[in-house]
Amino acid sequence: MGAIEVRGLVREFKKGPRAVDNIDLTVAEGEIYGFLGPNGAGKSTTVLMLTTLLPPTAGTATVAGFDIVKQGPQVRASIGAALQEAALDRFLTGREHIKLQGSLHGMKGADLRQRGNDLLERVGLTDAADRKVGGYSGGMKRRLDLALALLHRPRVLFLDEPTTGLDPQSRSALWDEVARLSREDGVTVFLTTQYLEEADALANRVGIIDHGTIVVEGTPDELKAEVGRSSVEIEPHDAARLADLERALAPFGEPMVTRGTRASIRLNEGVGDVAAIVRALDAQGIVVHQLRLREPTLDDVFLEKTGRSLEGSGDNDEDETPSA
Amino acid sequence: MSAVLATQVLVISERSVRRTFRQPAAIIPAIIFPIMLLFVSAGGLQAAEDLPGFPSVSYFDFALAVTFMQGAIFATGGAGTDLATDIETGFLSRLSLTPMSGAALVLGQLGGAISLGVFQATCYLAAGFIGGATIASGVAGVVVIYLLVILMAVGFGAIGIAAALRSGNGEAVQGLFPLLFVLLFLSTINLPLDLIPITWFRWVATGNPITYLVDAVRSLIITGWDGPAILAGFLVAFAIAVLGIIGSAAALRGRLQRT
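Analysis parameters
- Residues numbered from 1 in each chain as written.
- Chains lettered and ligands numbered in written order.
- Predicted model: local features only at pLDDT ≥ 70, side-chain atom pairs only at ≥ 80, totals over all residues.
- Heavy atoms only, no water.
- Helix = DSSP H or I, 4+ residues; strand = E, 2+ residues; numbered from the N terminus.
- Buried < 20%, exposed > 50% of the residue type's maximum accessible area, 1.4 Å probe, protein only.
- Salt bridge = Lys/Arg side-chain N within 4 Å of Asp/Glu carboxyl O.
- Pairing = 2+ DSSP bridges.
- Contact = heavy atoms within 4.5 Å.
- Buried area = accessible area lost by both parts, 1.4 Å probe.
- Polar contact = N/O pair within 3.5 Å; in protein donor to acceptor, adjacent residues only side chain to side chain.
- Axes fitted to C-alpha atoms, helices over the stretch in contact; angles between N-to-C directions.
- Core = buried A, V, L, I, M, F, W, Y, C linked by side-chain atoms within 4.5 Å.
- Patch = residues over 30% accessible without salt bridge, like charges linked within 9 Å, V, L, I, M, F, W, Y side chains within 5 Å.
- Areas by Shrake-Rupley, 256 points an atom, 1.4 Å probe, with all protein chains shown as cover.
- Expected span 1.5 Å × (residues − 1).
- Arc of directions from axis to C-beta.
- Parallel < 35°, antiparallel > 145°, perpendicular 65-115°, else oblique.
- Left-handed = near helix turned anticlockwise from the far one by under 90°.

**A few points about the overall build of chain B**
On a plain count of helices and strands, chain B comes out with 11 helices and 0 strands. Helices and strands appear in chain B in the N-to-C order α-α-α-α-α-α-α-α-α-α-α. Seen through its principal axes, chain B has C-alpha atoms that stretch 65 × 35 × 35 Å. Expressed as a percentage of its 259 residues, the buried residues of chain B come to 55%.

Next up, the structure:
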């Protein structure tokens with residue numbers, strides 16, 4: 001049995017369409033599962049159901065082997081969660097958060113102190129532990145959020161858009177920690193994100209959700225391979241030679257839409273074609289102003305499956321996430 | 001109460017007290033305004049001392065009881081607003097992901113309201129003594145005033161918590177403030193019941209629970225040990241506390257949908 005098993009999960013709200021519409025998924029022990037989709041796609045509603053904070057309308061799911069409807073307390077004891085927007089009390093210090101949350105989980109005394117100190121050190125907040133959270137940066141809040149989620153040694157960790165609003169350095173540090181948790185501690189991670197590179201960098205497998213339905217699932221490489229091969233885009237130094245350029249590129253792959261003075265082809269053999277293309281252009285005296293090799297991305301996968309680009313596709317959607 | 005529940009109540013109370021006392025902007029008005037109104041009304045309504053049948057030689061002593069009621073109303077706002085903030089920021093979801101029980105949440109939140117109520121009462125009594133008030137029931141009466149203040153903080157705090165859980169936003173909780181102040185002014189805060197000249201006002205004040213709370217505290221300050229007044233005050237405070245907690249529990253079930 002997987003760490004997370006979901007069958008036919010549905011969540012309907014009183015007004016509006018189904019936020020989550022009959023989804024199935026399985027996440028193996030120790031796996032990082034990336035749940036990718038635009039705002040309002042149903043990611044957060046799914047997380048709220050799997051973390052027992054919102055009852056499903058229909059369907060079943062188990063987390064860490066416990067039924068999310070019938071065994072809510074056991075599920076909560078087995079999971080850690082950092083939900084959207086690090087929900088912290090700005091009037092408490094980092095250490096006071098640790099004490100509050102640990103005590104509510106039944107931890108006490110030396111065990112709680114030691115575990116708290118270890119986690120604060122691991123997320124780089126030892127020096128700031130006795131400062132009020134109101135003075136923390138966004139990255140520090142996220143790191144404290146992660147430490148709190150890990151406090152009671154959960155088997156499954158839910159991270160709901162953990163790096164939204166973080167600077168690249170903080171984002172990278174958080175990625176490293178999440179990867180380490182899975183690799184060294186065997187923690188199963190269910191990660192929702194709208195950042196393609198985040199899913200690509202972290203997830204062993206990715207599920208793409210749109211309008212409450214999982215449209216495709218697989219490893220990032222499988223999904224990208226499904227969409228197609230690498231492409232190359234070239235701009236000649238002399239725009240008048242664009243037609244010559246297109247003819248020269250034709251043997252190396254399938255032509256794509258020409259944009260401005262740039263010609264593009266989807267490569268027959270992939271990256272290995274690039275050297276031959278450069279030699280061919282050189283032989284014909286076509287001077288290259290710019291050459292860009294482009295690998296397929298998860299956005300191409302999303303585009304292929306939904307007809308829309310993921311980047312910014314949900315910006316105008318209303319967030320369906322209810323308050324707890 | 002089980003040991004687990006007691007621990008949960010303790011840590012949530014501890015957090016609530018810390019949070020309350022780390023917000024000077026919320027505490028200072030709760031201390032300053034009632035004391036300011038005490039001195040203003042005692043100065044402006046001093047002539048009431050000459051009314052036949054007025055129960056105190058000093059209007060200041062008579063008005064001192066009102067500060068405790070105003071403090072209780074601030075407790076409503078404080079406890080409710082803090083919880084509404086927890087709902088809005090998602091902190092309640094964080095707590096909901098732990099084995100915390102709903103009872104611990106409500107009782108723990110009341111810890112902040114009680115601590116603020118006790119602190120306020122101490123400040124009001126100090127202001128009263130500085131202004132020349134005496135407590136007719138003596139030191140034991142002061143203890144009884146504190147007990148009544150705690151019970152009122154629980155009752156009014158629970159009303160604030162119920163409003164926060166029901167509405168989920170701080171503005172709605174703040175909306176209770178003017179309502180409670182209207183109730184306060186329709187009670188015996190300015191004159192004893194039998195000296196209120198307008199019939200309908202006297203009827204409203206007779207049916208207004210705040211009248212009995214004010215009269216209980218007031219009797220301990222100006223009369224001494226008036227058993228029926230004290231008993232009525234405690235019964236009303238107890239009833240408000242029970243209703244508030246029942247209302248909070250019902251609202252909590254609607255708010256916490258966790259399985």
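**Looking at the pattern of salt bridges**
When the charged atoms of two side chains lie near each other, side chains of opposite charge can form a pair. All names here are of chain A. Evaluation of the coordinates by the stated rule reveals 31 salt bridges over all chains. Its salt-bridge partner being R7, residue E5 comes within 2.9 Å of it at the nearest N-O pair. Taken together, the salt bridges that share partners define one network made up of R122, E177, R180, R183, E184 and D185.

**What to know about the sheet that holds strand β4 (residues 58–63) of chain A**
Residues and elements named next belong to chain A. As summarised here, the arrangement of the 4 strands in space is β2-β1-β4-β5, forming an open sheet in which the pairing is antiparallel. One side of each edge strand has no neighbouring strand; the edge strands of this open sheet are β2 (18–27) and β5 (66–67). Pairing of β4 with β5, which is carried by 2 bridges, proceeds in the antiparallel orientation. Note on β5: the bridge partner recorded for T62 is D67.

**Points about the interface of chain B and chain A**
Across the contact, 24 residues belong to chain B and 34 residues belong to chain A. Each partner contributes to the roughly 2700 Å² buried at the junction of chain B and chain A, and carbon and sulfur atoms together form 59% of this total. Looking only at chain B, the three residues that lose the most surface to chain A are R94, L97 and T259 of chain B, adding up to 30% of its buried area. At the junction of chain B and chain A, the tally comes to 6 salt bridges. The salt bridge involving R94 of chain B is made with D145 of chain A; its shortest N-O contact spans 2.4 Å. Taken together, chain B and chain A are joined by 9 residue pairs in polar contact (both at pLDDT 80 or more).

**Examining the sheet that holds strand β7 (residues 156–160) of chain A**
Residues and elements named next belong to chain A. Strand order across the open sheet formed by 6 strands is β6-β7-β8-β3-β9-β10, with mixed pairing between neighbours. The sheet terminates laterally at β6 (79–82) and β10 (213–218), the two strands that pair on one side only. Between one strand and the next, the sheet's axes are offset by a mean angle of 15°, whatever the strand orientation. Relative to strand β9 (residues 205–210), strand β3 (residues 32–36) is paired through 4 bridges, and the arrangement is parallel. When the sheet's bridge partners are listed, G34 is paired in β9 with V206. Helix-sheet contacts for helix α6 (residues 168–185) involve β3, β7 and β8 (188–193), and the interaxial angle to β3 is about 135°.

**Concerning the pairing of β9 of chain A**
Of all 6 residues in β9 of chain A, 5 are buried; the element is thus mostly enclosed. Hairpin connection of β9 of chain A to β10 of chain A: 2 residues between the antiparallel strands, including H211 of chain A at a positive phi of 50°.

**Notes on the side chain of T163 of chain A**
Residues and elements named next belong to chain A. Note that T163 resides in the loop between β7 and α6. A distance of 2.3 Å separates polar atoms of two side chains, one belonging to T163 and the other to E198. Those residues in contact with T163 that lie beyond four places of it in its chain are R171, L174, W175, Y195 and E198.

**Considerations on the nonpolar core**
In terms of nonpolar packing, the biggest core is built from 86 residues, with F68, M152 and I221 of chain B touching the most fellow members. It is helix α3 (residues 59–89) of chain B that provides the largest number of residues to this core, a total of 17 residues. Of all hydrophobic cores here, the second largest spans 32 residues; its members include M140, W175, V178 and V189 of chain A.

**Focus on a nonpolar patch on the surface**
Residues and elements named next belong to chain A. Together, V271, V278, V288, L291 and L293 make up an exposed nonpolar region whose accessible area comes to about 350 Å². For the nonpolar patch, the leading source of residues is strand β14 (residues 288–294), giving 3 residues. Among the structural elements, L291 can be located in strand β14.

**Examining helix α2 (residues 24–44) of chain B**
Residue and element names in this part refer to chain B. Compared with an ideal rise of 1.5 Å per residue, which puts 21 residues at 30 Å, α2 spans 30 Å between its outermost C-alpha atoms and is within 8% of the ideal. Those residues of α2 lying buried are I27, A30, I31, P34, I35, L38 and A42. Along the axis of α2, the buried residues cluster in a sector spanning 95°; they form a single face. Residues of α2 that are exposed and angled more than 90 degrees away from the buried face: A25, V40 and G44. The inward-facing, buried residues of α2 contact α1 (3–21), α3 and α5 (102–130).

**Examining the packing of α1 of chain B against α5 of chain B**
All names here are of chain B. Here α1 crosses α5 at 40°, and the two axes come no closer than 7 Å. Classified by the interaxial angle, the pair formed by α1 and α5 is oblique. The element α1 and its partner α5 pack so that their crossing is right-handed. Contact residues: L5, Q8, V9, I12, S13, R15, S16, V17, T20 and F21 in α1; A103, A104, L105, L107, G108, Q109, G111, G112, S115, L116 and F119 in α5.

**Let's talk about unusual backbone geometry**
All names here are of chain A. Unusually for a residue other than glycine, N22 sits at a positive phi of about 65°. Despite not being glycine, T52 shows a phi value in the positive range, around 75°. Tracing the backbone through its elements, the reader meets T52 in the loop between α1 (43–50) and β4. For T52, a relative accessible area of 0% translates into the label buried.

**Considerations on the pairing of β7 of chain A**
Residues and elements named next belong to chain A. In terms of residue burial, β7 counts as a mostly covered element, since 5 of its 5 residues are buried. Covered by surrounding structure in β7 are V156, F158 and D160 together with L157 and L159, the residues of both alternating faces. Bridge count between β6 and β7: 4 bridges; the pairing is parallel. Counterpart to I79 in the pairing with β7 is V156. Pairing analysis gives 5 bridges linking β7 to β8, with the strands arranged parallel. Each bridged residue has a counterpart across the sheet, and for F158 the counterpart in β8 is F190.

**A look at helix α9 (residues 242–249) of chain A**
Within α9 of chain A, the full set of buried residues consists of L242, L245, A248 and L249 of chain A. With its buried residues spanning 120° around the axis, α9 of chain A presents them on a single face.

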